[in-house]
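Commentary on secondary and tertiary structure
Spelled out from the first residue to the last, the chains are:
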Amino acid sequence: MKAFVSIIIGSKSDYEIMQNCSKTLDKFEVPYELIISSAHRSPKRTKDYMAESEAKGAKVFIAAAGMAAHLAGALAASTTKPVLGVPMAGSDLSGVDALYSTVQMPAGMPVGTVAIGKAGAINSAYLAIQILATNDSELASKLLKDREEKAQKVVDDSKTIEVRL
């Protein structure tokens, strides 16, 4: 099976935001799996799924969780594959608690942590794509084209409002 990205979200409430991750992977035609599993409420399911997906060819794991946000750390403890954590705004602290839980990992157990919420969902997909592109020249070309299109959009947008002397 072709290398793929495994997305694990801690609860169904994370799905609306994490669809932005899925859509980004779809745009680049990167295969992925997505499941709901919790480090706290379903730890056996989480560990079993992770081992299963690694055996099938998962090369990058994306974990989205709010509040205590232990999901990405639990994954990082069980694999040497890259784990990207997306903190979710699931509590009265607007995701800051999840950010700290995700980013403050012990030395030797890294979790690549992105922004809270939608920007993090999108950037987690881009980071996963960049990781996969280190061994996939076609994917690397798609990333380069995407960057060029983003740069051109800035120029085009500017032309609609520019005032120069």
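Just so you know, these numbers come straight off a predicted model, no measurement behind them.

**Concerning the overall build of the protein**
When you go through the protein residue by residue, the secondary structure sums to six helices and five strands. Taken from the N to the C terminus, the helices and strands of the protein come in the order β-α-β-α-β-α-β-α-β-α-α. Radius of gyration (C-alpha) of the protein: 17 Å, near the 15 Å computed for a compact globule of 165 residues. Taken over the C-alpha atoms alone, the protein extends approximately 65 × 40 × 30 Å along its principal axes. In the protein, once contacts between residues fewer than 6 apart in sequence are set aside, the share between residues at least 24 apart is 66%. Accessible surface for the protein amounts to roughly 9400 Å². Of this, 57% is attributable to carbon and sulfur atoms. Across the protein, the 19 positively charged side chains and the 18 negatively charged ones have centroids separated by 2 Å.

**So, the packing of aromatic side chains**
Counted according to the given criterion, the structure contains one aromatic pair. Both rings, one in phenylalanine 28 and one in tyrosine 126, keep their centres 5.5 Å apart while their planes meet at 80 degrees; by these two values the pair is edge-to-face. With phenylalanine 28 in the loop between helix 1 (15-27) and strand 2 (32-36) and tyrosine 126 in helix 5 (residues 118-133), this pair connects stretches of sequence that are 98 residues apart. For phenylalanine 28, a relative accessible area of 3% gives the class buried.

**Points about the pairing of strand 2**
Moving residue by residue along a regular strand, the side chains alternate between the two faces of the sheet. Sheet analysis places strand 1 (residues 4-9) next to strand 2, joined by five bridges and oriented parallel. Bridge pairing links isoleucine 8 to isoleucine 35 in strand 2. Traced from strand 1 through helix 1 to strand 2, the parallel crossover comes out right-handed.

Scoring rules and cut-offs
Residues numbered from 1 in each chain as written. Predicted model: local features only at pLDDT ≥ 70, side-chain atom pairs only at ≥ 80, totals over all residues. Heavy atoms only, no water. Helix = DSSP H or I, 4+ residues; strand = E, 2+ residues; numbered from the N terminus. Rg over C-alpha atoms; globule rule 2.2 N^0.38 Å. Contact = heavy atoms within 4.5 Å. Areas by Shrake-Rupley, 256 points an atom, 1.4 Å probe, with all protein chains shown as cover. Lys, Arg positive; Asp, Glu negative; His and termini not counted. Charge placed at Lys NZ, Arg CZ, Asp CG, Glu CD. Phe/Tyr/Trp six-rings, centres within 6.5 Å; stacked < 30°, edge-to-face > 60°. Buried < 20%, exposed > 50% of the residue type's maximum accessible area, 1.4 Å probe, protein only. Pairing = 2+ DSSP bridges. Right-handed = clockwise from strand over helix to strand, strands pointing away.

Don't take any of this as a statement about function, it's just geometry.
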